[in-house]
Amino acid sequence: SLGLGVIHGPLHGKMAPPFQDWWYRLTPGTMKYNAPFMAFLPMRRNHADVLVEGVLTYIFTVRILIAPEVTPALVLPLALCGVYEFIFDYGQHLHDYGTQNLHF
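Residues numbered from 1 in each chain as written. Predicted model: local features only at pLDDT ≥ 70, side-chain atom pairs only at ≥ 80, totals over all residues. Heavy atoms only, no water.

## Quick word on the packing of helix H3 (residues 47-66) against helix H4 (residues 72-88)
Applicable threshold: The convention used is that axes are lines fitted to C-alpha atoms, helices contributing only their stretch in contact, and that angles between N-to-C directions extend from 0 to 180 degrees. Think of it this way: any DSSP run of H or I at least four residues long counts as a helix, any run of E at least two long counts as a strand, and we number them from the N terminus. Roughly parallel covers angles under 35 degrees, roughly antiparallel covers those over 145, roughly perpendicular covers 65 to 115, and oblique covers all other angles. By convention, the crossing between two helices is left-handed when the near helix turns anticlockwise from the far helix through less than a right angle, and right-handed when the turn is clockwise. Whether two residues touch is decided by their heavy atoms; if any such pair falls within 4.5 Å, the residues are in contact. Side-chain classes follow a simple rule in which Ala, Val, Leu, Ile, Met, Phe, Trp, Tyr, Cys and Pro form the nonpolar group, Asp, Glu, Lys and Arg form the charged group, and the remainder, Gly included, forms the polar group.
Taken N-terminus to C-terminus, the directions of H3 and H4 make an angle of 155 degrees; their axes are 9 Å apart at the nearest point. In this view, H3 runs roughly antiparallel relative to H4, as classed from their interaxial angle. When the axes of H3 and H4 are compared, the crossing they make is left-handed. Within the contact between the two elements, H3 uses Ala48, Asp49, Val52, Glu53, Leu56, Thr57, Phe60, Thr61, Arg63 and Ile64 and H4 uses Ala73, Leu74, Val75, Pro77, Leu78, Cys81, Tyr84, Glu85 and Phe88. Among the residues forming the contact of H3 with H4, the class breakdown is 13 nonpolar, 2 polar and 4 charged.

Pasting the structure below:
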């Protein structure tokens, strides 16, 4: 997973195909690394991961971007998606989203 999309996206300044982070997030069965205290869970992306890390994250992001004013009520669901990613996809997001969530 680290070679195919994890370090790809606006935080790393890498947006060129063919390695698209959105494809990695929307594909069940791709590799992931759970937080150490969740090591008993499978290290493969499941449908809940795809829903939260892909679909809901993009929906909440677009909702914030088109809102006339950004309020805490708009940001909270996106922040919760980030917390989910931090716990259930620890290896991918420890370096980015984990520290971003500290600001919330």
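## Quick word on H3
For an α-helix the count is 3.6 residues per turn, leaving residues at separations of three or four pointing the same way. As a reminder, the rule being used: To estimate the expected span of a helix, count its residues, drop one, and scale the result by 1.5 Å. To get the bend at any residue, fit one axis to the seven residues that end at it and another to the seven that begin at it, then take the angle between the two axes. Burial status follows relative accessibility: with a 1.4 Å probe on protein chains alone, a residue under 20% of its type maximum counts as buried, one over 50% as exposed, and anything between as partly exposed. We call two N or O atoms a polar contact when they sit within 3.5 Å, provided that within protein one can donate a hydrogen and the other can accept it, with sequence-adjacent residues counted only if both atoms are side-chain atoms.
With 20 residues, H3 should reach 28 Å at 1.5 Å per residue; the first-to-last C-alpha distance of 27 Å fits that figure. The largest bend in H3 is about 35 degrees, located at leucine 56. Along H3, the residues classified as buried are Asp49, Val50, Val52, Glu53, Gly54, Thr57, Phe60 and Ile64. Where H3 begins, the capping side chain belongs to asparagine 46, and its oxygen is found 3.0 Å from the backbone nitrogen of alanine 48.

## A short note on the packing of aromatic side chains
Quick note on the threshold: Note on aromatic contacts: the rings of Phe and Tyr and the six-membered ring of Trp form a pair at centre separations within 6.5 Å, being stacked when their planes are under 30 degrees apart, edge-to-face when over 60 apart, and tilted otherwise.
Enumeration according to the criterion identifies 1 aromatic pair in this entry. An angle of 35 degrees between the planes, with centres 4.6 Å apart, marks the rings of tyrosine 84 and phenylalanine 88 as tilted. Here tyrosine 84 pairs with phenylalanine 88, and both are found in helix H4, just 4 residues apart, close to one helical turn.

## Some details on the pattern of salt bridges
Here is the rule we go by: The salt bridge definition used is simple: a Lys or Arg side-chain nitrogen within 4 Å of an Asp or Glu carboxyl oxygen.
Summed over the entire model, instances satisfying the criterion amount to 1 salt bridge. Its salt-bridge partner being arginine 45, residue glutamate 53 comes within 2.7 Å of it at the nearest N-O pair. On the accessibility criterion, arginine 45 (3% relative accessible area) is buried.

## Observations concerning H4
End to end, H4 covers 24 Å across 17 residues, agreeing with the expected 24 Å (1.5 Å per residue, within 8%). Among the residues of H4, those classed as buried are Leu74, Val75, Pro77, Ala79, Cys81, Gly82, Tyr84 and Glu85.

## Focus on the confidence of the model for the protein chain
Detail in the predicted coordinates should be disregarded across regions flagged by low pLDDT. Put simply, the test is: pLDDT is a residue-level measure of predictor confidence that goes from 0 to 100.
In the predicted model, the protein chain carries a mean pLDDT of 75, and the fraction of residues at 70 or more is 65%. Looking across the protein chain, the model is least confident in helix H1 (residues 2-6), with a mean pLDDT of 46, and most confident in H3, with 90. Low confidence marks residues 1-5, where pLDDT is under 50. Its contacts with residues over four positions away, or in another chain, come to 9 contacts.

## With respect to the environment of leucine 56
By the element assignment, leucine 56 lies in helix H3. Residues leucine 56 and leucine 78, 22 residues apart in the sequence, show an inter-C-alpha distance of 8.0 Å. If near-sequence neighbours (up to four positions away) are discounted, leucine 56 is found in contact with Leu51 and Cys81.

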